[in-house]
Amino acid sequence: DGDDDREQMLFYYSLRDAFTVLPASALSSLDMRKERARIKAMAPSSRSAEDWVTLAEVNLDFEGRDAAREAAGQARQFRLTRAQEARLDLLDALMAGADQRYAKAAQLFERAAPHLDPSRRVMARYGGYYARSLADPSHVEAPPVHADAGVAAAIAEALTAGFLVDLKAAIAVLEKAERRYPDDPTLPALRAQIAFLLDD
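Quantities reported herein were computed from a predicted structural model and do not represent experimental measurements.

## So, the overall build of the protein chain
What the protein chain contains, in helices and strands, is 11 helices and 0 strands. N-terminal to C-terminal, the α/β element order of the protein chain is α-α-α-α-α-α-α-α-α-α-α. Looking at the protein chain as a whole, 44% of its 200 residues are labelled buried. If you take every contact in the protein chain between residues at least 6 apart in sequence, the share linking residues at least 24 apart comes to 62%. As displayed, the protein chain has an accessible area near 10,100 Å², and 53% of this comes from carbon and sulfur atoms.

## Section: helix α5 (residues 65–75)
Turning to α5, its buried residues are Ala67, Ala68, Ala71, Ala72 and Ala75. Down the axis of α5, the buried set is contained in an arc of 135°. They therefore lie on one face. Counted as exposed and oriented over 90 degrees from the buried face of α5: Asp66 and Glu70.

## Overview of the nonpolar core
By size, the foremost hydrophobic cluster in this structure holds 63 residues, and its most contacted members are Phe19, Leu91, Phe109 and Tyr130. Apart from residues lying up to four places away in sequence, Phe19 is in contact with Leu94, Gly97, Ala98, Tyr102, Phe109, Gly127, Tyr130, Ala131 and Leu134.

## Side note on unusual backbone geometry
Glycine aside, a negative phi is what most residues show, and trans is what most peptide bonds show. Of note, the phi angle at Gln100 is positive, near 65°, even though the residue is not glycine. By the element assignment, Gln100 lies in the loop between α6 (82–98) and α7 (102–112). Looking at Gln100, the relative accessible area reads 48%, which means it is partly exposed.

## Observations concerning the packing of aromatic side chains
One pass over the full model with this rule turns up 5 aromatic pairs. An angle of 80° between the planes, with centres 6.5 Å apart, marks the rings of Phe19 and Tyr130 as edge-to-face. Here the residue Phe19 occupies a position in helix α2 (residues 18–21), and Tyr130 occupies one in helix α8 (residues 118–135), the gap between them amounting to 111 residues. On the basis of relative accessible area, Phe19 is assigned to the buried category, the value being 2%. The exposure class assigned to Tyr130 is buried, which follows from its relative accessible area of 0%. Both rings, one in Tyr126 and one in Tyr130, keep their centres 6.2 Å apart while their planes meet at 35°; by these two values the pair is tilted.

## Things to note about the packing of helix α4 (residues 49–62) against α6
At a closest axis distance of 10 Å, the pairing of α4 and α6 adopts a crossing angle of 20°. Viewed along their axes, α4 and α6 adopt a mutual orientation that is roughly parallel. When the axes of α4 and α6 are compared, the crossing they make is left-handed. Seen from α4, the contacting residues are Ala49, Glu50, Val53, Thr54, Ala56, Glu57 and Leu60; seen from α6, they are Gln84, Arg87, Leu88, Leu91, Leu94 and Met95. Class assignment of the residues belonging to the contact of α4 with α6 gives a composition of 8 nonpolar, 2 polar and 3 charged.

## Considering the pattern of salt bridges
On inspection of all chains with the given rule, the structure shows 20 salt bridges. Its salt-bridge partner being Glu35, residue Arg38 comes within 2.9 Å of it at the nearest N-O pair. Here the residue Arg38 and the residue Glu35 both occupy positions in helix α3 (residues 29–40), the gap between them amounting to 3 residues, near one helical turn. Between Lys40 and Glu63 there is a salt bridge whose closest N-O contact spans 3.0 Å. Here Lys40, found in helix α3, pairs with Glu63, found in the loop between α4 and α5; they are 23 residues apart in sequence, far enough to count as distant. On the accessibility criterion, Glu63 (37% relative accessible area) is partly exposed.

## Side note on the packing of helix α9 (residues 151–164) against helix α10 (residues 167–180)
Orientation of α9 relative to α10, taken along the N-to-C sense of each, is 160°, at an axis distance of 7 Å. Taken together, α9 and α10 sit at an angle that is classed as roughly antiparallel. Between α9 and α10 the crossing geometry is right-handed. Of the residues in α10, those touching α9 at Ala154, Glu157, Ala158, Ala161 and Gly162 are Leu167, Ala169, Ala170, Val173, Leu174 and Ala177.

Analysis parameters
- Residues numbered from 1 in each chain as written.
- Predicted model: local features only at pLDDT ≥ 70, side-chain atom pairs only at ≥ 80, totals over all residues.
- Heavy atoms only, no water.
- Helix = DSSP H or I, 4+ residues; strand = E, 2+ residues; numbered from the N terminus.
- Buried < 20%, exposed > 50% of the residue type's maximum accessible area, 1.4 Å probe, protein only.
- Contact = heavy atoms within 4.5 Å.
- Areas by Shrake-Rupley, 256 points an atom, 1.4 Å probe, with all protein chains shown as cover.
- Arc of directions from axis to C-beta.
- Core = buried A, V, L, I, M, F, W, Y, C linked by side-chain atoms within 4.5 Å.
- Phe/Tyr/Trp six-rings, centres within 6.5 Å; stacked < 30°, edge-to-face > 60°.
- Axes fitted to C-alpha atoms, helices over the stretch in contact; angles between N-to-C directions.
- Parallel < 35°, antiparallel > 145°, perpendicular 65-115°, else oblique.
- Left-handed = near helix turned anticlockwise from the far one by under 90°.
- Nonpolar A, V, L, I, M, F, W, Y, C, P; charged D, E, K, R; others polar.
- Salt bridge = Lys/Arg side-chain N within 4 Å of Asp/Glu carboxyl O.

Below, the structure is given as structure tokens:
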């Protein structure tokens, strides 16, 4: 029926927004805020590579892409570990996806994934899945499957459920995750956004 078409259409557009919803950081929103305050309190010249990489990740959520790119540029002036490089690749992939450069995003997610910690790797796997799906809507592949891998993974799982099934399925995933992570404000906030799409 027409309502279902509208819902899927809306959700197709919001799948494009997945790259702005998925966090680059593995930290909770509260810990991101604390890390940002800690790093901002330091003189820029005394920040380590790790500080700059963390700031780049956190800035994407708190200050936007320009601030994230600037901090990433500072980080790249250091000799980075493979894991730190992968975290910046993940950041670049999310920004490329947000700019609708899906093929580039898919390539960066793929490059980053093997060198990331488990929770960021889940982001890269889902991000790559979204990027490939949006780059070629006729392309069909199974979505990533993961064990309980944290709040960000639950968000990715919900977006995927909304894309493949419907928005009610996305809400069900979020409700289940909220019981598992009762202290995280991101999950109910996203559930409210989706409920708004459903006129609920």
